[in-house]
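Take a look at the letters that make up each chain.
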Amino acid sequence: LHLGFALLVVFLTDPLKTKGVPGRILDWALMLAAIAFNLKMVIAKGEISHIESFHLTSTNFILAILAILVVLEASRRCTKGLALPMVVVVFLAYAFVGPFMPGFLGHSGASLERVLSTSYLTIQGIYGVALDISAVDIFSLVAFGAFLFNFGGGEFIMDLAKFLVGGMVGGLAKIAVIASFLFGTISGSGPANAAATGTFTIPLMKKMGYRPEFAAAVESAASVGGQIAPPIMGAASFIMAEALNVPYSRVMLAAVIPAILYYGAVFLAVDSEARKLGLRPLPKAEIPSARQVFYGRFQFISIGVLLYLLVFKEYGPAASGFWSIV
């Protein structure tokens, strides 16, 4: 259900750029295929865990091919390029060309039926650990971040960053660092972080006297650190917790010191550049007071709830995200 929903969203929100009927027909065909191979999994519940051989029925054979092709196309659209799909294609091809490879790279090879059944009907394929983590853990926290941002969390984070560092030398660039750090704690995504804060901070940094290249570098470096900024980090942290069989809260706490060191280094680099250029702090009129930052703002309450449930109560990410949204 989670994969089917995600694929429909991808094809609806990022249609083919070709104009006219053919592009729309292909998008609808991809959506129907996504519904078909995911619905088969829902109807035949338990089949994926009880598969004992690599024999495929003709229906599963077709659905397995559709599943691989549709997921590859969706990943191409999501990543805006061919890099990730090509990596997958190379490793799929490796299953067939193993007998022709030299030395330790060689293997006995695999049949098309075995590759398709492994990819579609076992937890080593599409419906594996990564998708399970996405459906159970990541989705809830990403939804929380989306709720928070659309209920004014972005403005709250920006005002808080201005309040904390706006009065320092080169305050605007430091606001970019702090705002990206704070936004990263609720998004766990570098690209989302840059898109949310960079549209505001980069033009203002250029206006304040920073070189365009340095302004972009500050924003990108600060944004990518969101992947290691607790409490909501990148997908790799959830996979770590699953692989190590430890609570997510322990992985999260282990990331605190690296996150502080990383953002401390970015902050010091910005401070050095600001002093070299002689950049001044923000005007006092543009720096909000503590009352303006916190009064009437409920967003920080939900962030507090998330931290309390994850760290002190050791709830799982799904439950913590759900109750934080509530």
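So, a few notes on the structure that sits alongside this text. Being a predicted model, the structure only gives us computed values, none of them experimental. (Residues numbered from 1 in each chain as written. Predicted model: local features only at pLDDT ≥ 70, side-chain atom pairs only at ≥ 80, totals over all residues. Heavy atoms only, no water.)

## Observations regarding the overall build of the chain
Logical step 1: From N to C terminus, the chain includes 16 helices and zero strands.
Logical step 2: When its C-alpha atoms are laid out on the principal axes, the chain stretches across 70 × 50 × 45 Å.
Logical step 3: Per-residue burial for the chain yields a buried fraction of 40% across its 326 residues.
Logical step 4: Of the contacts formed within the chain by residues at least 6 apart in sequence, a portion of 71% connects residues at least 24 apart.
Logical step 5: Both charge centroids of the chain, one from 22 positive and one from 17 negative side chains, sit 10 Å from each other. (Helix = DSSP H or I, 4+ residues; strand = E, 2+ residues; numbered from the N terminus. Buried < 20%, exposed > 50% of the residue type's maximum accessible area, 1.4 Å probe, protein only. Contact = heavy atoms within 4.5 Å. Lys, Arg positive; Asp, Glu negative; His and termini not counted. Charge placed at Lys NZ, Arg CZ, Asp CG, Glu CD.)

## Focus on the nonpolar core
Logical step 1: One finds Phe 144, Ile 175, Met 205, Tyr 210 and Val 218 to be the most contacted residues of the largest nonpolar core, which totals 47 residues.
Logical step 2: Apart from the residues lying within four places of it in its own chain, the contact partners of Met 205 are Leu 172, Ala 173, Ala 176, Tyr 210, Ala 215 and Val 218.
Logical step 3: Of all hydrophobic cores here, the second largest spans 23 residues; its members include Leu 3, Leu 30, Ala 34 and Leu 121. (Core = buried A, V, L, I, M, F, W, Y, C linked by side-chain atoms within 4.5 Å.)

## Side note on the packing of helix α7 (residues 129-165) against helix α11 (residues 235-244)
Logical step 1: Direction vectors running N to C along α7 and α11 enclose 120°, while the axes themselves pass 10 Å from each other. The orientation of α7 with respect to α11, classified from their angle, is oblique. Considering how the two elements wind past one another, α7 and α11 form a crossing that is right-handed. Taken together, the residues of α11 that come into contact with α7 (itself represented by Val 129, Ile 133, Asp 137, Ile 138 and Leu 141) are Ala 235, Phe 238, Ile 239 and Glu 242. (Axes fitted to C-alpha atoms, helices over the stretch in contact; angles between N-to-C directions. Parallel < 35°, antiparallel > 145°, perpendicular 65-115°, else oblique. Left-handed = near helix turned anticlockwise from the far one by under 90°.)

Interpretation in functional terms is not warranted from these geometric data alone.
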